[in-house]
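Observations on the model geometry
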Amino acid sequence: MEQWRKEYLDLILVPCGLLLMFGYHLALVYRYLKCPEKTIIGYENHNKRAWVRKMFQIEIKDRGPAISVLSSNMSAATALASISLILSSLIGAWIGSSTVNLFTSRYIYGNRSPSMVYTKYISLLSCFLVAFGCFVQTARYFVHANFLISMPNNDIPIECVEREVIRGSNFWLMGLRSIYFATNLLLWIFGPIPMFACSVAMVGVLLVLDVNTTPLHHYKQ
């Protein structure tokens, strides 16, 4: 009976933890679509749209600070993309080596079979690869927005620049959420119980961080 519980504990707690994370983010997306002003995502996107509109009201020669803001965001996205790629490479090298059996110790309560260990590493690798792709797309959209902002005699509609900035911000958010999932899967290496506990704690923290209680500021046109 003890052996049965150890083997099937991963099949119970890990899906529950992942469903908890996925369910929370689906509820967050629904709340953002219905009441964006009540989420921190909608609050930030509202301010970014106002930033783009205000930036278009000044002359091209005075848009240096705006270009610096986008450049700093591109640098942050590039740094996180590099970190995600490096971690993916390390995990891939670890999977291909014999040291992958390091976490089959008897101190880990759960399924310690080699196939389960490989599943843990493959899942963790997938999250970091998704994060890498999202951060690359973030840099791509911010680079395009930088070109549009610095274009002389610019007659491009403001909505085009807004779309690029918002899409870049959304990919940035997706990259960070992928790292959150990777954190849960990282603890899964030490057993399903730490992974499930991390999922519950992370959802509790995100419930506080993703709620906006500040009224949206109505910027002057």
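Residues numbered from 1 in each chain as written. Predicted model: local features only at pLDDT ≥ 70, side-chain atom pairs only at ≥ 80, totals over all residues. Heavy atoms only, no water.

**What to know about the overall build of the protein**
Assigned secondary structure in the protein consists of six helices and zero strands. When the helices and strands of the protein are read in sequence order from the N terminus, they spell out α-α-α-α-α-α. For the protein, the proportion of its 221 residues judged to be buried stands at 35%. The long-range fraction of contacts in the protein, counting pairs at least 24 apart against all pairs at least 6 apart in sequence, stands at 78%. Of the roughly 12,600 Å² that the protein leaves accessible, carbon and sulfur atoms contribute 68%. (Helix = DSSP H or I, 4+ residues; strand = E, 2+ residues; numbered from the N terminus. Buried < 20%, exposed > 50% of the residue type's maximum accessible area, 1.4 Å probe, protein only. Contact = heavy atoms within 4.5 Å. Areas by Shrake-Rupley, 256 points an atom, 1.4 Å probe, with all protein chains shown as cover.)

**Here's the deal with a nonpolar patch on the surface**
Together, I83, I86, L87 and L90 make up a nonpolar patch on the protein surface, roughly 360 Å² of accessible area in all. Tracing the sequence through the fold places L87 in helix α3 (residues 64-95). (Patch = residues over 30% accessible without salt bridge, like charges linked within 9 Å, V, L, I, M, F, W, Y side chains within 5 Å. Salt bridge = Lys/Arg side-chain N within 4 Å of Asp/Glu carboxyl O.)

**A closer look at the UniProt feature "transmembrane region" (unreviewed entry) in the protein**
Residues annotated by UniProt as "transmembrane region" (unreviewed entry) correspond here to residues 12-33, 76-96, 121-143 and 185-209. Counted over residues 121-143, helix gives 100% and strand 0%. Its end C-alpha atoms are 33 Å apart. Between the C-alpha atoms that bound residues 185-209 the distance is 21 Å, and the span itself is 88% helix and 0% strand. (UniProt positions renumbered as here; feature names shortened; annotations may be inferred.)

**Description of the packing of aromatic side chains**
The final tally for this structure, using the stated rule, is three aromatic pairs. Between the aromatic rings of F22 and F181, the centroid separation amounts to 5.0 Å while the plane-to-plane angle is 40°, which identifies the pairing as tilted. Taken as a pair, F22 in helix α1 (residues 2-34) and F181 in helix α5 (residues 158-188) lie far apart in primary sequence, 159 residues in all. Of the residues examined, F22 reaches a relative accessible area of 48% and is grouped as partly exposed. Seen in terms of ring centroids, Y141 and F171 are 5.7 Å apart; in terms of plane orientation they differ by 15°. Their pairing is stacked. Linking Y141 in helix α4 (residues 114-149) with F171 in helix α5, this pair joins segments that are 30 residues apart in sequence. Classification of Y141 as buried rests on a relative accessible area of 11%. By relative accessible area, F171 is classed as partly exposed at 22%. (Phe/Tyr/Trp six-rings, centres within 6.5 Å; stacked < 30°, edge-to-face > 60°.)

**Observations regarding the confidence of the model for the protein**
Averaged over every residue, the pLDDT of the protein is 85; the share at 70 or more is 89%. At the low end of the mean pLDDT range in the protein sits α1, at 86; at the high end sits helix α6 (residues 192-209), at 93. (pLDDT = per-residue confidence, 0-100.)

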